[in-house]
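Inside the fold
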Amino acid sequence: MLLNRERANQVMDRHGLDGIVAAFPENIYYLSDYWGPMFLMSRNYTLYALLPRDENAPAALVMPGTGVYHLEHCPTWMPNVATFVTRVAPRTPRDFEFSTEELDLEQMVTQVHADTPLTPYPTREGAEMAPRDKQLLGRYAAHQGRSEATAARALARAVDDAGLTQGRLGFDDPRVLGWLHDIGQTGLTGMDALNVFKEIRMVKSPAEIDLLRIAGQRGEAVLNGVIDRMHVGMPLDAIGDIHARLSAEQGCRSEWIIANIRGLATGVVEAGELIKLDSVVSYRQYRGDVGRSVFFGEPDAEMLRRSEAVSRALEIAYAEIRPGRSFKEIVDLTLAAVHREGFPGFVIAGPHSVGLEHTDHPVSVGAQMPGHHPLTFEENMVFTLDMPYHEFGWGTTHVEDMMIVRKDGCEPITSMDTRLRVKPI
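Residues numbered from 1 in each chain as written. Predicted model: local features only at pLDDT ≥ 70, side-chain atom pairs only at ≥ 80, totals over all residues. Heavy atoms only, no water.

**Quick word on the state of the cysteines**
Condition: By disulfide we mean two sulfur atoms from cysteines, separated by a distance within 2.5 Å. When a residue's accessible area, from a 1.4 Å probe over protein chains only, is under 20% of the maximum for its type it is buried; when over 50% it is exposed; and in between it is partly exposed.
Per the stated rule, a full pass over the model turns up 0 disulfides. C252 provides the cysteine sulfur closest to C74, a residue in no disulfide bond, and the two sulfurs are 17 Å apart. The exposure class assigned to C74 is buried, which follows from its relative accessible area of 15%.

See the structure below:
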């Protein structure tokens, strides 16, 4: 289970919530363990996940009835799989949509049809069923009998099954509450829980830490491979292609690699110029985030001194991080250390939680000012401490590593090898 249930309960209690509803793919995956084709197709609002605060109430994954076959490959722990069939009679002329059929809307909405098939596909009469046919028919039979006409109606049924029709729920997309009101669940109240989900996800479960360890270490291997393949004259655009290929070879997906020279990602790799590399891969949706700086030629004494100052400052910062210390405390400490260690004027030290998103902690949205959410390090948080730098007339550098916050300090996921990578011309 990816979900940190204890953490989720604590955060729901803090916000006075009877449950949370996920509409965004990363949150559905986090709550349910399910990741499937509709996410890949960007068919948003065809899946939801409901987590009641009461652990005795049934948690629910809402999904298309035709899609339950994928649970054979990617199962969910949630006991209630609420399906919909999207088979309604159009009231007005419409464009063709393959998921609709000519069935009566009023009948579908007001009655539960035990005989309404989850899939429109036919069965060959008299054919002998192969083992896979029997397996798939069994899966459809297991979910037969309680389908609704739409995803929103299936979610409403799941809310009812959990006894939450008068509850206060948190929604990562607050529009969903209005949609539930529109179809009759007017007793529901709720709140915008975009950052509630991020607050929960800041503290990782053991299963998440295992995935992040793989993502981080493979991501560093990918970045090292990119550095090995770089050469003077190579278009900076080509670095992304190498990153994608090496990520695939590691069983990961390339999310991005930022390759900058003097703050710009255009042109080619040049000798005598600092090169910033900021790499993010994903493994089973969890991010691996590593940064390094590269130089072709003979770096001067100032470059080496500045690089060493950043590395020493990071060691000092990691040694000071404990659960309960604020991000601001560590930022101030890190900047003071890098100045003291020989890099005066260094301006940015940026800690951020890493997980299903690159920035896996509450962030300021809408009218909120930056810093709206005071953040502290928490036990079993996975984070990086970004150290980007740009100086007009000098160049651009960057380093970062992935760390786990433990009760008595930090445990590195990646190597912490932040030295300037010097390559011959």
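**Remarks on the sheet that holds strand β10 (residues 350–353)**
We apply this condition: Strands qualify as paired when DSSP identifies two bridges or more between them. Every helix listed is a DSSP run of H or I at least four residues long, and every strand listed is a run of E at least two residues long, numbered separately from the N terminus. Only the stretch in contact is used when fitting a helix axis, every axis being a line fitted to C-alpha atoms; angles between N-to-C directions are given from 0 to 180 degrees. By the convention used here, residues are in contact when the closest approach between their heavy atoms is within 4.5 Å.
Strand order in this open sheet of 4 strands is β10-β11-β14-β15, and the pairing throughout is antiparallel. Each of the sheet's edge strands pairs with one partner strand only, and the pair in question is β10 and β15 (409–412). Ignoring which end each strand starts from, the neighbouring axes of this sheet average 35° apart. In this structure, strand β11 (residues 382–386) lies alongside strand β14 (residues 402–406), joined through 3 bridges in antiparallel fashion. Paired with T384 across the strands is M402, a residue of β14. Running at roughly 150° to β14, helix α9 (residues 206–229) makes contact with β11, β14 and β15 of the sheet.

**Let's talk about the packing of helix α11 (residues 301–320) against helix α12 (residues 327–340)**
Put simply, the test is: Crossings are assigned a handedness: left-handed for a near helix turned anticlockwise from the far helix by less than a right angle, right-handed for a clockwise turn.
Two elements in contact, α11 and α12, have axes whose closest approach is 8 Å; the angle formed by their N-to-C orientations is 145°. Handedness of the α11/α12 crossing: right-handed. Between α11 and α12, the residues in contact are A309, V310, A313, I316, A317 and E320 and I330, L333, T334, A337, V338 and R340, respectively.

**A few points about the pattern of salt bridges**
Two side chains with opposite charge may pair up if their charged atoms get near one another. Which entries qualify depends on this criterion: Any Lys or Arg side-chain nitrogen found within 4 Å of a carboxyl oxygen on Asp or Glu counts as a salt bridge.
Tallied over the full model, the rule gives 26 salt bridges. A salt bridge links R213 to E411, with the nearest nitrogen and oxygen atoms 2.9 Å apart. With R213 in helix α9 and E411 in strand β15, the pair connects residues that are 198 residues apart, well separated along the chain. Residue classification places R213 among the partly exposed residues on the basis of a relative accessible area of 24%. Among the salt bridges present, the one from R306 reaches E391, with a minimum N-O distance of 3.0 Å. With R306 in helix α11 and E391 in strand β12 (residues 389–391), this residue pair connects regions lying 85 residues apart in the sequence. Each of K198, R201, K204, E357 and D360 takes part in salt bridges that share partners, so that together they form one network.

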